[in-house]
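Inside the fold
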Amino acid sequence: MRDTPRSIETRIATITLVHPGFIEQRYKLGERIDLPGFAENKRARLELAQGMPCVMLSIIPKDMDFDMEVTGVDHFGPERGQDTLRALAVVVHDSMAEMVTELFFTYFPTVFRTGVFNDETEARRWLQLQLAEVTQKEG
């Protein structure tokens, strides 16, 4: 894992390998979440994970602008069951982002665990528990 970048900047986010198995995705305030940006973030996550099981913390800032097309696509469907993602915690800071995120997970259920949180510390704690469970199961 020596050659793995610790962080990758995309147009709409910074994706960081916090420690093995734990990826953090921070959306940039002032950018718009759209399909090309979402795809770019996914490529960055896969590059950082290097085929190893991982969990991801995704932080959406307050009043984040997003293209409604993003909510109509099953982003995790093409790799269902083959992706290395084991759990995803999304931290939202306003009711619109919370509603859109929960609606997305209702329409497109995932094979990994998901959680929507208003508190980053709580989300991080939940993901650490998920990662410990994954490590125990798969390690």
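From a predicted model like this one, the values you see are computed outputs, not experimental measurements.

1. Quick word on the nonpolar core
With 28 residues, the main nonpolar core has I23, Y27, I33, I60 and L88 as its most contacted residues. Only β2 (13-19), β3 (22-27), α1 (35-49), β5 (54-59), β7 (85-91) and α2 (95-107) provide two or more residues apiece to this core. Look past the residues within four positions of Y27 in its chain and what remains in contact with it is I12, A13, I33, F38, N41, S58, I59, I60, P61 and M64. Grouped together as the second largest cluster of nonpolar side chains are 11 residues, L57, I59, A87 and V91 included.

2. So, empty space enclosed by the protein
For the structure shown, the criterion picks out 1 cavity of 30 Å³ or more. Along the walls of the largest cavity sit 22 residues, with Y27, F38, I60, V70 and T101 positioned nearest its centre. Of all the secondary structure elements, the ones that give two or more residues to the lining of the largest cavity are β3, α1, β5, β7 and α2. The dominant element in the lining of the largest cavity, judged by the number of residues it contributes, is α2, at 5 residues. Looking at side-chain class alone, the lining of the largest cavity contains 14 nonpolar, 6 polar and 2 charged residues.

Rules used throughout
- Residues numbered from 1 in each chain as written.
- Predicted model: local features only at pLDDT ≥ 70, side-chain atom pairs only at ≥ 80, totals over all residues.
- Heavy atoms only, no water.
- Core = buried A, V, L, I, M, F, W, Y, C linked by side-chain atoms within 4.5 Å.
- Buried < 20%, exposed > 50% of the residue type's maximum accessible area, 1.4 Å probe, protein only.
- Helix = DSSP H or I, 4+ residues; strand = E, 2+ residues; numbered from the N terminus.
- Contact = heavy atoms within 4.5 Å.
- 1 Å grid on protein atoms, 1.4 Å probe; cavity = no way out; pocket = protein on both sides within 12 Å on 5 of 7 lines; lining within 4 Å.
- Points joined across faces, edges and corners; volume = space filled by probe spheres on them.
- Nonpolar A, V, L, I, M, F, W, Y, C, P; charged D, E, K, R; others polar.

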